[in-house]
Amino acid sequence: GKNGICIIFFSGNGLYSPAEKESFEQTIFQKDRYEWWRIGHSEEVVNWADKIIYVRDIYIQYYVNGISQRIDNIEKLCKYMQELTEGYRVVTCGNSAGGYIAAIVGTYLNAERVFSFGGQVTLQYLLQLKEEPDFEDSYYFVKLYEQDTLRSKYYDIVPLIQNSSVPIIYFYSALCEGDIEQVNYLKSFENVDNVMIFAMKSEYHGFLMLNSCYRKVLTFSEEQLTALWNKYNGRFISLRKWCLDILDRKEAISEIKRDIVRCHKSLQIIFRQ
């Protein structure tokens, strides 16, 4: 790109699963996986951004341990991202836990915009969950640092959002109980007018658009995003209708056909059981 933009893609807690040694080694050491890689390498994003950064939390625990032995908390991560993005216009993006940290880092960097796809705004509910035998369901480190003010101050990020003018483009699954709880919590506060909320008609956390739509949305201008929000504000948004609005007709029809096939295969599996 030629417009001085740096986009930071943050991986979420779905980076690898299950949270076991074998899947960890295969995903991190063998595949060296970062979420958003394909979208970040799409023609639209590559031609739009001057610099692209991929970030992951190998602990899959909402970045409470940062990203490395040296950068071992969120504040250090924010400062490191500040170093890497100096002189750039910043956009941050993430899904679920990635959306949560994208909002924190984006606010810290006074980003041009933040894209949060089902990102949490509070982690307090995790502290109430009963202990689980599986690491990824126990949120071990989130609970471990409950009394650590350096880390736990980010367990509720609504105050950050309230004290910021950074635009947050927030998509959530409007038929998913967990997503609904997060949005209702956010809406219960005043002074969050910088958040544009899009209620996607999906029951699955993290499944918010058909694939090709992401690269288009990320590269839209402020005027295009505002126009979409004005059109859909307060309404449930069909993923296929959204696809027709975002993509050119030929590409949209192709993407919708793939989604129909995907849904049909899912139904076949259900009925076979």
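Quick note: structure is the one above.
Nothing here was measured: the structure is a model prediction, and the numbers come from that model.

A. Seen up close, the sheet that holds strand E7 (residues 236-237). The strand order across the open sheet formed by seven strands is E2-E1-E3-E4-E5-E6-E7, and the pairing between neighbours is parallel. For this open sheet the edge positions go to strand E2 (51-55) and E7, each flanked by a neighbour on one side alone. Two strands pair when backbone bridges link them, and strand E6 (residues 195-200) and E7 are joined in this way by two bridges, in the parallel orientation. Residue pairing across strands places Met200 opposite Ile237, the latter belonging to E7.

B. View of unusual backbone geometry. That bond from Ser17 to Pro18 is cis: its omega, 0°, falls within 30 degrees of zero. Mapping Pro18 onto the fold places it in the loop between strand E1 (5-10) and helix H1 (21-30). Here the phi dihedral of Trp36 falls at roughly 75°; this positive angle occurs in a residue that is not glycine. Its place among the elements puts Trp36 in the loop between H1 and helix H2 (37-40). You will see that Ser96, though not glycine, has its phi angle at about 60°, which is positive.

C. Region of the structure containing the packing of helix H13 (residues 222-232) against helix H14 (residues 239-246). Orientation of H13 relative to H14, taken along the N-to-C sense of each, is 145°, at an axis distance of 13 Å. Read as a crossing pair, H13 and H14 show a hand that is right-handed. The residues of H14 that touch H13, namely those facing Leu228, Lys231 and Tyr232, are Lys241, Trp242, Asp245 and Ile246.

D. Spatial organisation of the side chain of Ser42. Structurally, Ser42 is set in the loop between H2 and helix H3 (43-48). Only 2.7 Å separates the side chain of Ser42 from the backbone oxygen of Ile39, close enough to count as a polar contact.

E. Seen up close, the pairing of strand E4 (residues 113-117). Across the five residues that make up E4, a large majority, five, are buried. A two-sided burial pattern is seen for E4, the buried positions comprising Arg113, Phe115 and Phe117 on one face and Val114 and Ser116 on the other. As paired strands, strand E3 (residues 89-95) and E4 are joined by five bridges and run parallel to one another. In the strand pairing of E4, Val91 is matched with Arg113.

About the criteria used
- Residues numbered from 1 in each chain as written.
- Predicted model: local features only at pLDDT ≥ 70, side-chain atom pairs only at ≥ 80, totals over all residues.
- Heavy atoms only, no water.
- Pairing = 2+ DSSP bridges.
- Helix = DSSP H or I, 4+ residues; strand = E, 2+ residues; numbered from the N terminus.
- Axes fitted to C-alpha atoms, helices over the stretch in contact; angles between N-to-C directions.
- Left-handed = near helix turned anticlockwise from the far one by under 90°.
- Contact = heavy atoms within 4.5 Å.
- Polar contact = N/O pair within 3.5 Å; in protein donor to acceptor, adjacent residues only side chain to side chain.
- Buried < 20%, exposed > 50% of the residue type's maximum accessible area, 1.4 Å probe, protein only.

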